[in-house]
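# Structural overview for review
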Amino acid sequence: MNDVMIEAGPTGPFSPGLRRSVGVVMIGASLSFLDSTIVNVALHTLSADLDAGLGTVQWVVTAYLLALAAVIPVTGWAARRFGAARLYVAALAVFTAGSVLCACSQSVGMLIAARVLQGVGGGAIMPVGTMIWTAQSSKAQMGRVMALIAVPIVLAPTLGPAIGGLLIQGIDWRAIFWLNVPFGVVGIVLALWLLPLGKGRDAGRLDVIGLILASAGVVGITYGLAELGVAAGLDPAAIVALLAGLAALAGFVVHALRAKRPLLDLRLYASREFTAASVAQFTLGAANFGGMILMPLYFQIVRGEDVILAGLLLAPTGLGALLAAPFTDRFGAGITSFTGAAILVASTIPFVFLTATTPYALLCLVMVIRGVGFGLSIIPAMTAAYQALPPDKIPDATPQLNVLQRVGGAIGTAVLTVVLTDQLRHQATPAGQAGGFGTTFVWVLAIAIAAAVPTILLAHTEHQARLRANASKLDEAADAGH
């Protein structure tokens, strides 16, 4: 089979093995990210078809993101134990099987359970794929590899809602899950054919205690946040879940710092730059995935649009992110990330003033700009995190950065849905409902501002490094003159 053709650039051409890996892994990565957004336009339809409230139906999105986050921490150990390529094939197979079960679901409970299985497979695809890519690339090629990783991330917001709307309107909501099956099967066949299916090696014992604590913490916190505020008063079960989740995460931190071979190496956070980049990944995930759930509901609830138009109206955000993709590795990672975060903040402000008659042209323009901000911020922040660490620590960093981004998305989705549900509870007119969406976007704005703060440190650190490098060059030139 012919290799996937990729521009070589100044760092030299990609090896044939890397080109094949990029082509194969891109299939699974695109499916995984696509399913993070394709369901968003279906929430209104699912709520009516499955006779469930919005607070319950939103778990179709949140459960998938939670399962993604829960499985990512174990991917580093599993890739060493079984081999990265073998794990990728298994993950794509589980994802495809979960898609079949989603399509066959007869109730919202069955659908949520199937989405969990789908997320378990989808959660391993991207970090394992990143390990496959980075293992075959040189340090000089890392920026271009990271830019390729951005492709499924930026295309998902563009294609997901639009494809979802077309399938729901033209066929049925089940079609958005059947779509994954043929592509998943093709991806599995190509992976078995083209990827080096080497055997695993001794990875030591799995840190089961760490895995249980981390998973329980993530699930407990997100469930608690999602349930609080849905009812008229405080839900004791939600409070217990939230506190239990916080306690589990605290226990995981203590355990990881004491264990000889922890599930996640938290000592990486001794680097200020890595810590700042990690916080940026978490908050950008919340701002992106959480904010993405709002606009389809706005177009359907306030403007009365069908799912096709609601999906197509979301395409400008993904278009903006796609336009930004070529520039993610052209300048310094820290400065680019700060620039993107600043654009993200500025472009979120207009959504605070949403009305029932806001012109679509204005909304589309602002969504393009917001997409540019997202595209210029999240991948450079991940690149900055990798640059802050020695190469041998990258396999340890990859699961953590992925889980932070996904957990941020899950928590952002849960919190913003709670806020929106509370805002719409007593609003019957389009004008009042639009005001409720505007108030919810105040929370999105706060999250975006929080994401911009750590990028300031990244930009400052990068600027100082450049000043030191220039000063060193001047000193060398002066010495050579003497």
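Before reading further, recall that the structure is shown in the block above.
From a predicted model like this one, the values you see are computed outputs, not experimental measurements. Residue positions are counted from 1 within each chain, in the order its sequence is given. pLDDT decides what is reported in this predicted model: residues at 70 or higher carry local features, side-chain atom pairs at 80 or more are listed and counted, and totals for whole chains, interfaces and linings draw on all residues regardless. Remark: hydrogens and water are excluded; side-chain values derive from all non-hydrogen atoms of the structure.

Once that is clear, we can look at the packing of helix α4 (residues 59-71) against helix α19 (residues 394-424). Think of each axis as a best-fit line through the C-alpha atoms, taken over the contacting stretch in the case of a helix, with angles from 0 to 180 degrees between the N-to-C directions. For the purposes of this entry, the term helix denotes a DSSP run of H or I that reaches at least four residues, the term strand denotes a run of E that reaches at least two, and both are numbered from the N terminus. For the pair α4 and α19, the least separation of the axes is 8 Å and the interaxial angle reads 160 degrees. Here α4 lies roughly antiparallel to α19, going by the angle between them. The two elements α4 and α19 cross, and the hand of that crossing is left-handed. Between α4 and α19, the contacting residues are Val61, Thr62, Leu65, Leu66, Leu68 and Ala69 on the first element and Val403, Arg406, Val407, Gly409, Ala410, Thr413 and Ala414 on the second. Across the contact of α4 with α19, the residue classes tally to 9 nonpolar, 3 polar and 1 charged. In these notes the angle categories are as follows: under 35 degrees is roughly parallel, over 145 is roughly antiparallel, 65 to 115 is roughly perpendicular, and the rest is oblique. Crossing handedness: left-handed means the near helix sits turned counterclockwise from the far one by under a right angle, and right-handed means the same turn made clockwise. Any pair of residues with heavy atoms lying within 4.5 Å of one another is described as a contacting pair. Note on residue categories: nonpolar means Ala, Val, Leu, Ile, Met, Phe, Trp, Tyr, Cys or Pro, charged means Asp, Glu, Lys or Arg, and polar means any other residue, Gly included.

In this section: the pattern of salt bridges. Throughout this description, the term salt bridge denotes a Lys or Arg side-chain nitrogen within 4 Å of a carboxyl oxygen of Asp or Glu. For the coordinates displayed, the defined rule picks out 4 salt bridges. Measuring nitrogen to oxygen at the nearest pair gives 3.8 Å for the salt bridge that ties Arg267 to Asp265. Classification of Asp265 as buried rests on a relative accessible area of 13%. The classification of residues rests on relative accessible area computed with a 1.4 Å probe and restricted to protein chains. Under 20% of the type maximum is buried, over 50% is exposed, and intermediate values are partly exposed.

Below, the discussion takes up helix α1 (residues 16-34). A rise of 1.5 Å per residue sets the reference length of α1, with its 19 residues, at 27 Å; its end C-alpha atoms lie 27 Å apart and thus fit the reference within 8%. Each residue is assigned a bend, namely the angle between axes fitted to the seven residues that terminate at it and the seven residues that start at it. Along its length, α1 reaches its greatest deviation from straightness, about 30 degrees, at Met26. Expected helix span is computed as 1.5 Å times (number of residues minus one).

Turning our attention to the packing of aromatic side chains. In summary, the pairing rule links any two rings of Phe, Tyr or Trp, Trp by its six-membered ring, whose centres are within 6.5 Å, and it sorts them by plane angle into stacked for under 30 degrees, edge-to-face for over 60 and tilted for everything else. Per the stated rule, a full pass over the model turns up 7 aromatic pairs. Measuring from ring centre to ring centre gives 6.3 Å for Trp173 and Phe177, while their planes differ by 85 degrees; the resulting arrangement is edge-to-face. The residues Trp173 and Phe177 share a single accessibility class, namely buried. Taken together, the ring pairs in this structure connect Tyr298, Phe299, Tyr360 and Phe437 into an aromatic cluster.

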